[in-house]
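# Coordinate analysis (summary)
If you want the building blocks of each chain, they are given just below.
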Amino acid sequence: TENDDDPSTCYDFPGWYDYDGPEYDCNFYALDAHCAFYGNSFANFGATANVACCACGGGTTTSEPPVPPVPRPPEECTDVPGWYDSDGADFDCAFYAEEGNCATFGYGFENFGYTANEACCVCGGGI
């Protein structure tokens, strides 16, 4: 049996696959040079392959999935003024406030030096 406390044991994030679909999971990234070419792209569930997959240098040393960012209470946080993601003004903090968008897209699409998970209070960021 594997010891969950053993720091040398690596686990892929359970159920992770990139935003192009379930066929692009950690097993796909373990093939050829997929980590090198695509590992920092196609974030899904708040992570890229280089974060989620052991074969790419990511993963976790516990069998428990990582804890997603926790939104700050609105009275203690302000979204980065004028921020929207690299796909355009329609993808601002209000878009990321919709169901699951922080986890699915929040680590990608950096613009003005921030991703949604850094710029938007609802995603655990903000100022």
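For the structure, see preceding data.
Below, the structure is looked at part by part. This one's a predicted model, so the numbers in the text were calculated from it and none came from an experiment.

This part is about unusual backbone geometry. Here the phi dihedral of Phe42 falls at roughly 60°; this positive angle occurs in a residue that is not glycine. In this fold, Phe42 is placed in the loop between α2 (34–38) and α3 (49–52). The partly exposed category is assigned to Phe42, whose relative accessible area is 27%. Phi at Phe109 is positive, roughly 60°, even though this residue is not glycine. Looking at the secondary structure, you find Phe109 in the loop between α5 (101–105) and α6 (116–119).

Our next topic: the packing of aromatic side chains. Under the criterion given, the structure shown has 13 aromatic pairs. Each ring, one from Phe95 and one from Tyr96, has its centre 5.1 Å from the other, and the planes form 90°; the classification is edge-to-face. One exposure class covers both Phe95 and Tyr96, and it is buried. Between Phe105 and Phe109 the ring centres are 6.3 Å apart and the planes differ by 65°, which places this aromatic pair in the edge-to-face class.

Time to look at the side chain of His34. As for its placement among the helices and strands, His34 is situated in helix α2. Polar side-chain contacts of His34 include one of 2.7 Å to the backbone oxygen of Phe28.

Before going further, it helps to examine the state of the cysteines. Scanning the model with the defined rule gives six disulfides in all. Each disulfide pairs two cysteine sulfurs, and for Cys10 the partner residue is Cys54, the sulfurs being separated by 2.0 Å. Measuring handedness by torsion sign, the sulfur bridge of Cys10 and Cys54 sits at about -95° and is left-handed. Here the residue Cys10 occupies a position in the segment before α1 (26–29), and Cys54 occupies one in the loop between α3 and α4 (93–96), the gap between them amounting to 44 residues. On the basis of relative accessibility, which here comes to 26%, the residue Cys54 falls in the partly exposed class. Sulfur-sulfur distance for the disulfide between Cys35 and Cys56 comes to 1.9 Å. In this structure the cystine formed by Cys35 and Cys56 twists about its S-S bond by roughly -70°; its chirality is therefore left-handed. Residue Cys35 is found in helix α2, and its partner Cys56 is found in the loop between α3 and α4; the two are separated by 21 residues along the sequence.

Cut-offs applied
- Residues numbered from 1 in each chain as written.
- Predicted model: local features only at pLDDT ≥ 70, side-chain atom pairs only at ≥ 80, totals over all residues.
- Heavy atoms only, no water.
- Helix = DSSP H or I, 4+ residues; strand = E, 2+ residues; numbered from the N terminus.
- Buried < 20%, exposed > 50% of the residue type's maximum accessible area, 1.4 Å probe, protein only.
- Phe/Tyr/Trp six-rings, centres within 6.5 Å; stacked < 30°, edge-to-face > 60°.
- Polar contact = N/O pair within 3.5 Å; in protein donor to acceptor, adjacent residues only side chain to side chain.
- Disulfide = S-S within 2.5 Å.

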